[in-house]
Amino acid sequence: MKKKLFALLNCAIFSLGILSGCSSVDTSANAEETVTWRIGHEEVNGSIQDEYALKFKELVEEKSNGKVIVEIYKSGEIGSAQDYVQFVQGGLLSFAIVNPGSTGTTVPENNVFYNHFLLPGDNDKIKEFLRTSKAIKMLNEVNEQHEMKVLDWFYEGFNAWTTNKEVRKPADFKGISIRTMESPIIVASYKAYGANPTPIPYMDVYSGLQLKQIDAQVNPIFAIEEMGFYEVQDYLIQAKQDGFYASLVANKEFYDNLNPEYKKILDEIIPELNNYIFDVTYNLNKKRLDNIAKDSDIKIIELTDKEREEFKKASLKSREVYRQSVGEVGNKILDTFEAEIAVLESKEK
Ligand code: 6CS
């Protein structure tokens, strides 16, 4: 039944002039045939996810000698971030780049990434953690039960707050309506600080801030710049409470039925893509923070360690919300995150 519905949706969406035909997701090919892989992502032109998708396309098409054609669908083109999760689960998209703020409503364990003051702040440590963690392997197994085969995890930078009022301690959040993604743990985190979290779609955030329907929002620096949020806000606050992570996922059935030649291509390109995107993340966030400082009079604030400590204390309440929202496996994933990160943090750089 679910499959039928997606087949219909497939035809409807992909024949609306967005695509020429009403093809299904391709899983294999003979020597002469070309196949099409569709990848959707949650962001706009020039973003980190777009850079990832473009590199994915370049490498897949090159390594398959043109036998695989990759089509990219950006945020809003055939749906919102939340829709893309359903599209990849249902097989309408072969691949999607999604973040735990979008998948966390259907896979609560993914919200582990949104526990504040949990993951390391250092790029190299984050990279090592994502590549070697046993907890990540456990999390990937959970995602498979939700029709998503996770092929890669990467980092898009720490999440910063933009506000129309100075925020230096949790009490300053009182009465502030802050736009967040839908994930219940993100909502709980900002409630723990005393704010009013307000989930609205990404594409509506700029107008929401401009029309003062919301007072604040949270996103990585590169996104604050490319979405123009800094133009309609007075403060950009860096508390470095959490980061923005994303995963490349494939529809599980599509992946399982893929021929070995194509699986090998994916195995080969993922490490290259991961290295590539970590460099993009570092350089793009740095460049765009400079642009924001040059182009606007927004006040850029970096919280002191003492100020961050206050937020850390307040955030522990929402870690309990995560624990209660998941079962035994989700709790084990958080325990393992905590233990592995403690080891990583104790290592010399
Ligand atoms: O805030 C959001 O909804 C979005 N932020 C980023 C940086 N990427 C995609 C996501 O949907």
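The preceding data block contains the structure.
Residues numbered from 1 in each chain as written. Predicted model: local features only at pLDDT ≥ 70, side-chain atom pairs only at ≥ 80, totals over all residues. Heavy atoms only, no water.

Trainee: Can you help me understand the overall build of the protein chain in this one?
Mentor: Helix and strand counts for the protein chain come out as 13 helices and 10 strands. Computed over its C-alpha atoms, the radius of gyration of the protein chain comes to 20 Å, within 12% of the 20 Å expected for a compact globule of 349 residues. In terms of its C-alpha atoms, the protein chain occupies a principal-axis envelope of roughly 65 × 45 × 40 Å. Within the protein chain, the proportion of its 349 residues that are buried is 55%. For the protein chain, the share of sequence-separated contacts (at least 6 apart) that also reach a separation of at least 24 residues comes to 75%. Averaging the positions of the 41 positive and the 54 negative side-chain charges in the protein chain gives two centres separated by 4 Å. (Helix = DSSP H or I, 4+ residues; strand = E, 2+ residues; numbered from the N terminus. Rg over C-alpha atoms; globule rule 2.2 N^0.38 Å. Buried < 20%, exposed > 50% of the residue type's maximum accessible area, 1.4 Å probe, protein only. Contact = heavy atoms within 4.5 Å. Lys, Arg positive; Asp, Glu negative; His and termini not counted. Charge placed at Lys NZ, Arg CZ, Asp CG, Glu CD.)

Trainee: Teacher, can you tell me more about the side chain of Arg323 here?
Mentor: Along the chain, Arg323 turns up in helix H12 (residues 305–325). If we ignore the near neighbours within four places in the chain, the residues touching Arg323 are Asn331, Leu334, Asp335 and Glu338.

Trainee: Explanation requested: the site of the ligand in the structure shown.
Mentor: Residues in contact with the ligand, as listed here, are Glu42, Glu43, Ala81, Asn99, Arg179, Met181, Tyr202, Asn219, Pro220, Phe222, Ala223 and Phe244. Glu43 has a polar side-chain atom sitting 2.7 Å from a nitrogen atom of the ligand. Interatomic distance of 2.9 Å between a side-chain N/O atom of Asn219 and a nitrogen atom of the ligand. For the ligand, whose free accessible area comes to 300 Å², the fraction covered by protein is 97%. Counting residues per element, the ones that place at least two in the shell around the ligand are strand S7 (216–220) and helix H9 (221–226). (Near = heavy atom within 4 Å. Polar contact = N/O pair within 3.5 Å; in protein donor to acceptor, adjacent residues only side chain to side chain. Areas by Shrake-Rupley, 256 points an atom, 1.4 Å probe, with all protein chains shown as cover.)

Trainee: Quick question: what am I supposed to make of the packing of aromatic side chains here?
Mentor: Where two aromatic rings form a pair, the distance of their centres and the angle of their planes describe that pair. Here the structure, examined in full by the defined rule, presents 22 aromatic pairs. Considering the side-chain rings of Phe113 and Trp153, the 4.6 Å spacing of their centres and the 35° angle between planes classify their relative orientation as tilted. You can see Phe113 sitting in the loop between helix H4 (100–103) and helix H5 (123–132) and its partner Trp153 sitting in strand S4 (residues 148–163), a full 40 residues away along the chain. Residue Phe113 shares its accessibility class with Trp153, and that shared class is buried. (Phe/Tyr/Trp six-rings, centres within 6.5 Å; stacked < 30°, edge-to-face > 60°.)

Trainee: Where do I start with the nonpolar core in this structure?
Mentor: Judged by nonpolar contacts, the single largest core of 86 residues is most densely connected at Trp37, Phe56, Phe95, Phe113 and Phe337. Sorting elements by how many residues they give to this core places helix H11 (residues 260–295) first, with 11 residues. Those residues in contact with Phe56, other than ones at most four positions away along the chain, are Trp37, Ile39, Val70, Phe95, Leu248, Leu266, Ile269 and Leu273. Core analysis: the next-biggest nonpolar cluster, separate from the first, contains 22 residues, Ile178, Tyr190, Ala239 and Phe244 among them. (Core = buried A, V, L, I, M, F, W, Y, C linked by side-chain atoms within 4.5 Å.)

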